[in-house]
Amino acid sequence: MVLENEAIFLVDLLAIFAVYLIVNLSLNMEFGYTGIPNFGKVLAVGAGAFVAASVPGRIFAAMAGVEGDYVLDNLAIVSQVNAWLVDNTGIGFAVFFLTLGIAAAVGGGLGILTSYPAIRMRGDYLAITLLAFGESIRIIGNNFTPLVGGTLGVQLPDPLSFLPDEIRFSVATLGLVLIAAAVFVFSEKMIRSPLGRLLRAVRDNEVAAESLGKDTARIRMKVIMISAALAAVGGALYAFYVGGAIAFAYDRASWTFWPFLMILIGGLANNKGVLFGTLIFVTVRKLIIFFKDSFEGLVPFDIIWLDFLLLGVILLVILQYRPQGLVVEKPTATVGGGTGRAGKSRGGAGRRLFNLLFR
Amino acid sequence: MAIDPIFSDAVIFASLLSLLSIGLTLTYLTTRVPNFAHASFATIGVYMALVATHIWGVTPYASIPVAFVVSGLVAVSLYVFILKPLIRKGASQAILMIATLAFDLILIAGLNIFADFVVQTFRIASREFTLRSYDAELAGLPMIVFVAPAAIAVLSLTLYIVLKKTKFGIAMRAATENRDLSETVGINVNRIYVVSWMLGGGLAGVAGSLMALWFQGDPNLGPLMIPSIFAASIAGGFLSIYGAIAGGLLLGLTEVLGTRFLAGEFGSWLIAYRPLIPLVFIVATLMLAPRGMAGINWSGLGRRMRRHGSGE
């Protein structure tokens with residue numbers, strides 16, 4: 001069975017949705033719940049992707065006894081490794097999950113290192129520091145060739161090589177969606193725990209939290225560590241899914257700006273909102289790319305810039321007129337407890353309509 | 001007389017970085033929002049220089065006033081139409097920062113569209129172009145080597161006189177120190193903020209049009225320059241214009257000469273990692289002197305060291 005065009009479109013949409021959902025949930029944990037303006041989200045995502053690009057391929061090559069320089073002979077090595085993986089599915093999966101673990105560790109470590117200098121400073125200093133570090137990931141990836149092959153990029157081995165071509169993408173997508181669902185559940189559990197309430201206390205009133213003996217800088221750092229680890233897993237999964245990694249793909253627009261846009265569309269501090277925001281954004285963008293060719297030639301410039309322009313304007317409009325997003329933050333239920341009903345009652349007809357439709 | 005071009009490079013880069021840091025500090029002083037779109041204001045200046053040289057057929061220096069006005073107006077529109085309404089609605093600083101990031105994205109998209117348009121309409125290179133050959137010569141060196149530091153010297157003198165001696169400058173300092181109090185004594189704070197944004201954006205535009213004479217122009221310069229500009233401003237304390245000048249000069253010289261020195265010691269592969277120097281600068285500033293050079297008690301430091309020396 002060969003996938004139809006529409007089905008390919010849908011499967012790809014779901015996969016990208018799952019990757020962005022992981023990244024956005026981690027950003028929501030930082031920005032929505034704890035109020036950390038992490039403008040260097042791309043750092044953790046890129047780090048995860050770079051780990052996936054450099055580590056598993058070399059492990060497989062060493063195990064399969066494939067000789068050669070991993071970056072220079074990348075194509076040949078990866079195709080030999082993929083052939084070897086057909087008969088070594090178990091090892092393939094073990095190394096795949098090991099890679100995710102390494103990516104999480106590297107991402108978390110980088111999160112701590114890059115936030116440490118500014119963690120006790122005012123929010124804007126932390127934001128600037130993280131943004132500056134975020135810009136560095138591309139420079140390192142572009143120039144340190146053993147990592148992702150510099151400006152040429154590298155291919156990744158596919159642990160699903162044993163599957164026939166027709167169903168491989170669908171299975172990969174299913175796996176991505178399952179992992180994203182697990183991250184969603186983890187994030188929900190975490191914010192409903194005492195730690196989650198503490199995060200909001202740090203966000204809403206730092207002085208009050210400190211007066212109760214909470215070390216707010218330490219808590220912020222912990223959150224940055226956890227969410228950087230999650231984002232790195234998202235980055236590694238993305239690299240595995242697209243089957244390759246190249247440094248310039250990890251830019252500020254794709255992995256910092258768009259995640260912010262998605263969580264702001266959906267509503268801050270609200271995982272359900274993140275779900276909607278991500279779905280809307282990914283679908284709209286996918287449609288834009290899908291129909292891009294039909295616009296070609298109508299305007300005297302590359303259509304991609306119109307897309308940037310549009311997204312920038314959309315974000316500014318949301319900030320001005322609907323800063324709370326589509327789904328408004330409400331008091332969260334504790335684990336096993338009921339929902340608090342005495343929430344803020346912002347929004348009028350739109351919110352009632354929303355309640356009617358979705359609850 | 002042969003001068004190593006690396007020194008021209010260092011002088012020009014340091015001067016332009018100072019110019020950009022002054023602009024960033026001016027806008028930060030008023031609204032307390034780190035403006036992430038600041039570097040793209042300079043990119044607008046770069047394109048004004050391209051337009052002046054190739055389309056109007058005049059010297060690139062003629063683009064300076066145009067760049068000042070265009071970039072200044074873009075900066076004012078960011079303040080008036082986007083930041084001011086958000087501030088009035090009580091948006092947090094983080095939301096304001098996101099708004100400047102969004103504005104930056106719009107500017108970058110606009111500049112790219114403009115670059116595509118220029119290529120198609122006038123058939124001239126509008127990406128990775130340089131205007132070096134259109135510069136005049138002075139004492140065997142390109143004029144920009146003298147113009148860039150002179151611009152900084154003139155500007156710091158002017159700013160000093162304006163801020164210390166004129167009624168407007170004093171009102172401006174008052175408005176940035178204490179908004180409410182200035183309003184009660186009858187200062188039109190809003191007008192002062194608008195002027196600051198005009199000046200801040202305008203200076204970035206000037207820096208951009210000068211930049212085109214030495215460095216490669218590209219619509220995506222902004223994201224490349226942002227870490228340097230912020231590192232220089234943070235090193236200067238972020239709230240002091242003179243600190244911004246000092247921070248810009250220090251970081252500019254360190255970036256160019258430091259990279260050269262390290263490349264000489266360890267090999268030329270290091271040159272590609274030059275963009276990491278601003279990061280080291282930010283980290284060092286935050287760890288050692290978080291309030292920047294303007295926050296260090298220099299005279300106290302000198303006294304302490306002298307006392308220490310004589311006491312031992």
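Scroll up to find the structure.
A separate point is the interface of chain A and chain B. Listed by partner, the interface residues are 42 residues for chain A and 45 residues for chain B. Note on chain A versus chain B: buried area summed over both sides is about 3900 Å², and carbon and sulfur give 78% of it. Viewed at the interface, chain B and chain A are joined by one salt bridge. Where Asp-104 of chain B meets Arg-252 of chain A, a salt bridge forms, and the shortest distance between an N and an O atom there is 2.7 Å. Linking chain A with chain B are six residue pairs in polar contact (both at pLDDT 80 or more). Elements represented by at least two residues in the side of chain A that touches chain B include exactly helix H5 (123–143), helix H11 (252–266) and helix H14 (304–321) of chain A. When residues in the side of chain A that touches chain B are grouped by element, the largest group, 14 residues, is from H5 of chain A.

The subject of this paragraph is helix H10 (residues 216–242) of chain A. Here H10 of chain A is 27 residues long and its end C-alpha atoms lie 39 Å apart, about the 39 Å a rise of 1.5 Å per residue gives. Within H10 of chain A, 22 of the 27 residues are buried, leaving the element largely enclosed by the surrounding structure.

What follows deals with the nonpolar core. In this structure, Phe-39 of chain A together with Ile-22, Phe-41 and Met-211 of chain B are the most contacted members of the largest nonpolar core, which totals 191 residues. At 17 residues, the largest contribution of residues to this core is made by helix H4 (residues 93–122) of chain B. Excluding its chain neighbours within four sequence positions, the residues that come into contact with Ile-22 of chain B are Ile-152, Leu-155, Leu-159, Leu-203, Ile-241, Ala-244 and Ile-245 of chain B. Listed in part, the 10 residues of the second largest apolar core include Val-78, Val-81, Leu-85 and Val-95 of chain A.

Turning next to helix H8 (residues 194–204) of chain A. Note: α-helices contain 3.6 residues per turn, so residues at a spacing of three or four share the same orientation. Residues Gly-196, Leu-198, Leu-199, Arg-200 and Val-202 of chain A constitute the buried set of H8 of chain A. In the core, the buried residues of H8 of chain A are packed alongside helix H1 (5–34), helix H7 (165–192), helix H9 (206–211) and H10 of chain A.

Residues and elements named next belong to chain A. Looking at the secondary structure, you find Ile-91 in helix H4 (residues 89–115). Residue classification places Ile-91 among the partly exposed residues on the basis of a relative accessible area of 30%. C-alpha separation for the pair Ile-91 and Pro-159, spaced 68 residues apart in sequence, amounts to 8.7 Å. Ile-91 has contacts with Phe-60, Met-63 and Trp-84, leaving out every residue within four places of it along the chain.

Parameters and conventions
- Residues numbered from 1 in each chain as written.
- Chains lettered and ligands numbered in written order.
- Predicted model: local features only at pLDDT ≥ 70, side-chain atom pairs only at ≥ 80, totals over all residues.
- Heavy atoms only, no water.
- Contact = heavy atoms within 4.5 Å.
- Buried area = accessible area lost by both parts, 1.4 Å probe.
- Salt bridge = Lys/Arg side-chain N within 4 Å of Asp/Glu carboxyl O.
- Polar contact = N/O pair within 3.5 Å; in protein donor to acceptor, adjacent residues only side chain to side chain.
- Helix = DSSP H or I, 4+ residues; strand = E, 2+ residues; numbered from the N terminus.
- Expected span 1.5 Å × (residues − 1).
- Buried < 20%, exposed > 50% of the residue type's maximum accessible area, 1.4 Å probe, protein only.
- Core = buried A, V, L, I, M, F, W, Y, C linked by side-chain atoms within 4.5 Å.

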